[in-house]
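Each chain, letter by letter, is given below.
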Amino acid sequence: MGNGSLQGLRVAILVTDGFEQVELEKPRAALDDAGADTVVVSPKDKTVLGMNHLDKGDEFIVDQQMEHAECDDFDAVLLPGGVVHADTLRMNEDARRFVQACDANDKPIAVICHGPWLLLSAGLVKGRHLTSYFTVQDDIRNAGGNWTDQETVLDKNWVSSRQPDDIPAFNRAMLELFAGIQKKSKRAGQV
């Protein structure tokens, strides 16, 4: 799915230092190739540092600070994983507020690896079905969610995935979910 199928869709990518670099780069490239406008949103103000597992990765430019981000300015959300990043981001009040507002408005959320920690801390997981990196499964179950060990899980406006090896399947599922939202919004605009 590419060549402008997501033209006009604005996607917030929430990250801070310590995110798993490939979980930002590959999904972002898939979104960009499909015509989406991807925006790196962070509590940091200039750059964020990616990680390649335990090794420092590259720095990425922050497009918008988290404290100024409003759900109404975006159509969808991408939450990369990475232990340090996800553990830090989950305690950011602005990030929790942002995902709560997006979920309340049924905006699609694509989340991978340790990314669900933000959804957990935002109180959104109860009654939801998702997957994640295997070490997060107890947190999901303890929060009242249903965890499954599979490449991707689609539950309403969420698509989740386990780890970097699953990125090809995650990208396909994310693009399909986001395209479905795109079609709905185009139909709504024509009414």
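Structure first, text after, so check above.
Predicted model, so just to flag it, every value in this text is computed and none were measured.

K.L.:
Hey, could you run me through the nonpolar core in this one?
P.N.:
Proteins that are soluble and globular tend to have nonpolar side chains buried together. Counting 30 residues, the largest nonpolar core has Leu14, Val41, Leu79, Phe98, Val99 and Leu119 as the members making the most contacts within it. Counting residues per element, the ones that place at least two in this core are strand S1 (10-14), strand S3 (37-42), strand S7 (76-79), helix H2 (83-89), helix H3 (93-104), strand S8 (109-112) and helix H4 (116-121). If we skip the residues at most four places from it in the chain, Val41 touches Ala12, Ile13, Leu14, Val15, Gln64, Gln65, Met66, Ala69 and Phe74. Formed by 29 residues, the second largest nonpolar core is a distinct cluster that contains Leu6, Ile13, Ala34 and Leu175.

K.L.:
For this particular structure, what's the right way to read the packing of aromatic side chains?
P.N.:
A ring pair, where both rings are aromatic, is described by two values, the distance of the centres and the angle of the planes. One pass over the full model with this rule turns up three aromatic pairs. Measuring from ring centre to ring centre gives 5.5 Å for Phe19 and Phe60, while their planes differ by 65°; the resulting arrangement is edge-to-face. Of this pair, Phe19 sits in strand S2 (residues 19-20) while Phe60 sits in strand S5 (residues 55-61), placing them 41 residues apart in sequence. What makes Phe19 buried here is its relative accessible area of 0%. Geometrically, the ring pair formed by Tyr133 and Phe134 is tilted, given 4.9 Å between the ring centres and 45° between the ring planes. Accessibility expressed as a relative area gives 26% for Tyr133, which makes it partly exposed. Arg128 extends its terminal NZ or CZ atom over the ring of Trp158, reaching a point 3.9 Å from the ring centre.

K.L.:
What am I meant to see in the sheet that holds strand S4 (residues 47-52) here?
P.N.:
Within a sheet, each strand pairs with its neighbour through backbone hydrogen bonds, oriented either parallel or antiparallel. As summarised here, the arrangement of the three strands in space is S2-S4-S5, forming an open sheet in which the pairing is mixed. Sheet topology places S2 and S5 at the edges, where each strand pairs with a single neighbour. When S4 meets S5, the two strands line up antiparallel, connected through five bridges. Within the sheet, the bridge partner assigned to Val48 lies in S5 and is Phe60.

Calculation rules
- Residues numbered from 1 in each chain as written.
- Predicted model: local features only at pLDDT ≥ 70, side-chain atom pairs only at ≥ 80, totals over all residues.
- Heavy atoms only, no water.
- Core = buried A, V, L, I, M, F, W, Y, C linked by side-chain atoms within 4.5 Å.
- Buried < 20%, exposed > 50% of the residue type's maximum accessible area, 1.4 Å probe, protein only.
- Helix = DSSP H or I, 4+ residues; strand = E, 2+ residues; numbered from the N terminus.
- Contact = heavy atoms within 4.5 Å.
- Phe/Tyr/Trp six-rings, centres within 6.5 Å; stacked < 30°, edge-to-face > 60°.
- Lys NZ or Arg CZ within 6 Å of the ring centre and 35° of its normal.
- Pairing = 2+ DSSP bridges.

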